[in-house]
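A look at the structure
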Amino acid sequence: TLNDLTNAPDVLQVLFRISQYVGSVKGKQEVMVGYSDSAKDAGRLAACWAQYTAQEKMVKVAEANNIELTFFHGKGGTVGRGGNPVLYRAILSHPPNTINGRFRVTEQGEMITQNFGSPTIAERNLDIYTAAVLREAFVKHVEPNASWREQMDRVSEVSCADYRALVRDDKRFVQYFRQATPEVELGSLNIGSRPAKRNPKGGIESLRAIPWTFAWTQSRLHLSAWLGVGRGLNPESDTDKKELIEMYKQWPWYREIIDLISMILSKTDFSIAEIYDKELVTDTKDLGTNIRTKLVETRQAILDVSGSLEYGGPHIQLLRTSSRIRNPYVDAINCLQVQLLKELRKMGPEESEIKNKRQDALIVSINGIARGLGNSG
């Protein structure tokens, strides 16, 4: 979570004061940096900035105690869980002095097959990892100046507040989330490796990051990857606006974050998300309208910062071509999924035979959308 990232350097300092522990690790320490739960807790921008500053501070703590520190990046495949399809650039954009020839990262779910499913693809990806880690050691990193740090503190605070105002503070949100996405059905269909929730009776905070991201992906809203970004990037003055643009042009880490969000925004579909609301949501439809308004705000904020005319990022031509081929099929599957969810939610226990058939069809639709979009959790 955000608090865990903030407290991590102090925890590490306390640990290194225990002489028996320092003696047992023999001068080497590995720290896992979590991406999924922190983003679910505070939103994308606030989590990214907390991860950046926490790593910087932990490096200083390790150096002060003569410990060789290796970060283990616990990322998922999707942007909402810290993933980045542009692997080489992603590694080069890490905070300065946090890799030093040592890089460990998780590969899970469909990303294992995608990145290591054949010897040729596996060799290619390992080549990219090796080249990026080696190159990183010789790259002159752009370190944020004091003004940029203050700007990121402001962006992070505003973004986090906007994210939590909806996800945590609006009591209608849990009901809306469960109606507007297949989240409830995902938990009962037994298609994941772990239970969807850590606590079956809990709310959003107990939901694992994978179904949280996956559910929003299915409805084509991708809310977990962009909520709070639009408000955070909304400048409070002309100085803020100029500085946000300057940061995008000159700071690779910040540019990579913006480009990733831009890419995921190109995969959102306003009209498909609206169909889920219209057909499945009962008395919280105004919440869906508010969320789609935030989506429009976020798209504009990304355009303002990047100076682009397209919110798809630097790979817009490839994305547009891919979408033109893919969307007619995925759109149809989304519409079928909405009807399946609508029927299943009306069925009683006495309709078990037809219900089982509908659940089988729902699993097919879930897989079809995930494969079509190239994203799951």
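Scroll up to find the structure this text is about.
From a predicted model like this one, the values you see are computed outputs, not experimental measurements. (Residues numbered from 1 in each chain as written. Predicted model: local features only at pLDDT ≥ 70, side-chain atom pairs only at ≥ 80, totals over all residues. Heavy atoms only, no water.)

Notes on the packing of aromatic side chains
What describes a pair of aromatic rings is the distance from one ring centre to the other and the angle between the planes of the rings. Summed over the entire model, instances satisfying the criterion amount to 16 aromatic pairs. Both rings, one in Phe173 and one in Phe177, keep their centres 6.3 Å apart while their planes meet at 0 degrees; by these two values the pair is stacked. Linking Phe173 with Phe177, this pair stays in helix α9 (residues 173-180), spanning four residues, or about one helical turn. Of the two residues, Phe173 and Phe177, neither departs from the other in class, the shared state being buried. Three or more aromatic residues link up through ring pairs in this structure, and these residues are Trp49, Tyr52, Trp148, Trp251, Trp253 and Tyr254. The ring of Phe72 carries Arg104 above its face, with NZ or CZ at 4.2 Å from the centroid. When the ring centre of Phe270 is taken as reference, the NZ or CZ atom of Arg292 above it lies at 5.7 Å. (Phe/Tyr/Trp six-rings, centres within 6.5 Å; stacked < 30°, edge-to-face > 60°. Helix = DSSP H or I, 4+ residues; strand = E, 2+ residues; numbered from the N terminus. Buried < 20%, exposed > 50% of the residue type's maximum accessible area, 1.4 Å probe, protein only. Lys NZ or Arg CZ within 6 Å of the ring centre and 35° of its normal.)

Details of the sheet that holds strand β2 (residues 68-74)
The strand order β1-β2-β3 describes an open sheet built from three strands, whose pairing is parallel. The open sheet has two edge strands, β1 (28-34) and β3 (104-105), and neither has a second partner. Relative to β3, β2 runs parallel, the two being bridged by two bridges. For Phe72, the partnering residue across the bridge sits in β3 and is Arg104. Here helix α1 (residues 2-16) sits on the sheet and contacts β1 and β2; the angle it forms with β1, its principal contact strand, is near 160 degrees. In the packing of helix α4 (residues 44-64) onto the sheet, contacts are made with β1 and β2, and the angle to β2 comes to roughly 160 degrees. (Pairing = 2+ DSSP bridges. Contact = heavy atoms within 4.5 Å. Axes fitted to C-alpha atoms, helices over the stretch in contact; angles between N-to-C directions.)

Looking at the pairing of β2
The element β2 is extensively covered by neighbouring structure, given that six of its seven residues are classed as buried. As paired strands, β1 and β2 are joined by seven bridges and run parallel to one another. Across the sheet, the residue bridging to Gln29 is Leu69, located in β2.

A closer look at the environment of Gly288
For Gly288, the position within the fold is in helix α17 (residues 285-306). Placed 115 residues apart in sequence, Gly288 and Phe173 show a C-alpha to C-alpha distance of 9.5 Å. The residues contacting Gly288, other than those within four sequence positions of it, are Tyr176 and Asp277.

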